[in-house]
Amino acid sequence: MVLFFLLWVAAVASGGARGQGTRVGFYSRTCPRAEAIVRSVVQSHFSSDPSIAPGILRMHFHDCFVHGCDASILLDGPTSEKTAPPNRQLRGFDVVDDAKAQLEVACPGVVSCADILALAARDSVAVTNGPFWSVPTGRRDGRVSLASDAANLPAFNDSVAVQIRKYDEKGLNAQDLVALSGAHTIGTAACQLFRYRLYGFPGAASGADPSLDAAFVRQLRALCPQNGDGARRVAMDTGSPNRFDANYYGNLRSGRGVLESDAVLWADAGTRGLVQRFLGIRGLAGLTFGVEFGRSMVKMGNVEVKSGAAGEIRTLCTAVN
């Protein structure tokens, strides 16, 4: 309860409780059970498949970075965002569809798919023992979804400079980058996304990225043989892969960041300072991961949202009306 209060205060203090037409409690009169319905659906799916939590969180992230948080990632079609390479392994679409079906019975034509996804992302963190924050709602759904528009999503091999540029284009800063990257405390990554760091890495006598801990290299090579199955998945947080906590940042310090885009956050002097603050390094102003993650999620959730007369409220999340 104390953490919930702190997150609510942080959201209000930063202006995150309201933005671009969204506000906390948007459905309090028109669909008072909206958030409870979404939460129940997430909990039900999570109980049978815990891997759904990082899947939904990642889907929300990918949605917000293309056309803003407008559920364009949910639209079907031969050239929709779903078909773009970074999105082909996304999971959790059935969770959003189930929640939408229940909401259409309870409150027809009221709750947007974009809001369902934003709420489900928050609830996916909560069910993995992570923080709970107030989600401003009132988004409307977009009508455009093109695979080509997903080309500039943050990628697994982006440098810090490239990541910061992509975040800046969405009104997010370096602290948001480091906080939101902490989502990798849950979930997995396919071997094909990081195997190049283990074998034949340019300029490395050992063949492996020298920024990786040697013992960790051996561990990853056992899980991802050079000519093995590239689709095999490996936990991104080797210490507590199913618990939403700050262990991710300790992994970065120890040379155990699985993805290069994570590892470089420690290698770069600027972002290293932020990682150290999340770790509570003595002499630096500390950052509380749960509070800052919730704050940055609220900021990201208000990126380029459609509200008012823009967009629509889809009847089905997979198709425009």
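Residues numbered from 1 in each chain as written. Predicted model: local features only at pLDDT ≥ 70, side-chain atom pairs only at ≥ 80, totals over all residues. Heavy atoms only, no water.

## Let's talk about the overall build of the protein chain
- For the protein chain, the count of helices and strands is 12 helices and 4 strands.
- The C-alpha radius of gyration of the protein chain comes to 19 Å, within 12% of the 20 Å expected for a compact globule of 321 residues.
- Its C-alpha atoms give the protein chain principal-axis dimensions of about 60 × 50 × 35 Å.
- Among the 321 residues that make up the protein chain, the fraction classed as buried is 52%.
- Looking at the protein chain alone, contacts between residues at least 24 apart form 74% of all its contacts between residues at least 6 apart.
- Total accessible area on the protein chain stands at roughly 13600 Å², and carbon and sulfur atoms take up 55% of it.
- If the 33 positive side-chain charges of the protein chain are averaged to one point and the 29 negative ones to another, these points end up 4 Å apart. (Helix = DSSP H or I, 4+ residues; strand = E, 2+ residues; numbered from the N terminus. Rg over C-alpha atoms; globule rule 2.2 N^0.38 Å. Buried < 20%, exposed > 50% of the residue type's maximum accessible area, 1.4 Å probe, protein only. Contact = heavy atoms within 4.5 Å. Areas by Shrake-Rupley, 256 points an atom, 1.4 Å probe, with all protein chains shown as cover. Lys, Arg positive; Asp, Glu negative; His and termini not counted. Charge placed at Lys NZ, Arg CZ, Asp CG, Glu CD.)

## Here's the deal with the state of the cysteines
- By the definition in use, this model includes 4 disulfides.
- Residue pairing for C113: its cysteine sulfur links by disulfide to C317, the two sulfurs lying 2.1 Å apart. When the S-S torsion is -95°, as for the bridge of C113 with C317, the disulfide is left-handed. Taken as a pair, C113 in helix α5 (residues 113-126) and C317 in the segment after α12 (289-301) lie far apart in primary sequence, 204 residues in all.
- The exposure class assigned to C113 is buried, which follows from its relative accessible area of 0%.
- Accessibility expressed as a relative area gives 3% for C317, which makes it buried.
- If you count the bonded cysteines of the protein chain from the N-terminus, they pair up as 1-4, 2-3, 5-8, 6-7. (Disulfide = S-S within 2.5 Å.)

## Points about the environment of H67
- When you line up the elements, H67 lands in the loop between α3 (52-64) and α4 (93-106).
- Its relative accessible area of 28% is what places H67 among the partly exposed residues.
- Along the chain, H67 and L117 lie 50 residues apart, while their C-alpha atoms are 15 Å from each other.

## Considering the packing of α3 against α12
- Running from N to C, α3 and α12 cross one another at 40°; their axes reach a closest spacing of 10 Å. Looking at the two axes, α3 sits oblique to α12. Contact residues: L57, H60, F61 and C64 in α3; F293, M297, M300 and G301 in α12.
- For the contact of α3 with α12, the class distribution of residues is 6 nonpolar, 2 polar and no charged. (Axes fitted to C-alpha atoms, helices over the stretch in contact; angles between N-to-C directions. Parallel < 35°, antiparallel > 145°, perpendicular 65-115°, else oblique. Nonpolar A, V, L, I, M, F, W, Y, C, P; charged D, E, K, R; others polar.)

## Some remarks on the UniProt feature "binding site: substrate" (unreviewed entry) in the protein chain
- The sites that carry the UniProt feature "binding site: substrate" (unreviewed entry) are, in the present numbering, P154.
- Looking at the element boundaries, P154 is found in the loop between α5 and α6 (160-168).
- When residues no more than four places from it in sequence are discounted, the contact partners of P154 are F61, F65, K166 and Y167. (UniProt positions renumbered as here; feature names shortened; annotations may be inferred.)

## Here's the deal with the nonpolar core
- If you look at the biggest cluster of nonpolar residues, it comprises 70 residues, and the most contacted ones within it are L57, L74 and F293.
- Residue contributions to this core peak at 9 residues, all from α5.
- For L57, the residues in contact, after removing those within four places along its chain, are A121, V125, A183, I186, F244, F293 and M297.
- Formed by 15 residues, the second largest nonpolar core is a distinct cluster that contains C191, C224, M236 and L259. (Core = buried A, V, L, I, M, F, W, Y, C linked by side-chain atoms within 4.5 Å.)

## Re the layout of surface pockets
- The computed volume of the largest pocket comes to approximately 1200 Å³.
- R58, H62, H184, T188 and M236 are, among the 45 residues lining the largest pocket, the residues nearest its centre.
- Of all the secondary-structure elements, those providing two or more residues to the lining of the largest pocket are α3, α6, α7 (174-181), β3 (188-190), α10 (260-267) and α12.
- The element contributing the most residues to the lining of the largest pocket is α3, with 6 residues.
- Partitioned by chemical class, the residues of the lining of the largest pocket number 27 nonpolar, 13 polar and 5 charged. (1 Å grid on protein atoms, 1.4 Å probe; cavity = no way out; pocket = protein on both sides within 12 Å on 5 of 7 lines; lining within 4 Å. Points joined across faces, edges and corners; volume = space filled by probe spheres on them.)

## What to know about the pattern of salt bridges
- Summed over all chains, the structure comprises 18 salt bridges.
- Where D245 meets R243, a salt bridge forms, and the shortest distance between an N and an O atom there is 3.1 Å.
- If you follow the salt bridges from partner to partner, you end up with E35, R39, R122 and D123 in one network. (Salt bridge = Lys/Arg side-chain N within 4 Å of Asp/Glu carboxyl O.)

## Re the packing of aromatic side chains
- This structure, assessed with the given rule, holds 13 aromatic pairs.
- Here F26 and Y27 contribute two aromatic rings whose centre-to-centre distance is 5.0 Å and whose plane-to-plane angle is 85°, an arrangement assigned as edge-to-face.
- When the ring of Y248 is compared with that of Y249, the centres are 5.0 Å apart and the planes differ by 80°; the resulting orientation is edge-to-face. Just as Y248 is buried, Y249 falls in that class too. (Phe/Tyr/Trp six-rings, centres within 6.5 Å; stacked < 30°, edge-to-face > 60°.)

## What about unusual backbone geometry?
- In this model, H67 sits at a positive phi of 65°, which is unusual for a non-glycine residue.
- With a phi angle near 50°, E304 is a residue other than glycine that sits in the positive phi range.

## Details of the UniProt feature "binding site: heme b" (unreviewed entry) in the protein chain
- In this numbering, the UniProt entry assigns the feature "binding site: heme b" (unreviewed entry) to H184.
- Filtering out sequence-adjacent residues up to four positions away, H184 remains in contact with M236, D237, Y248, L259 and D262.

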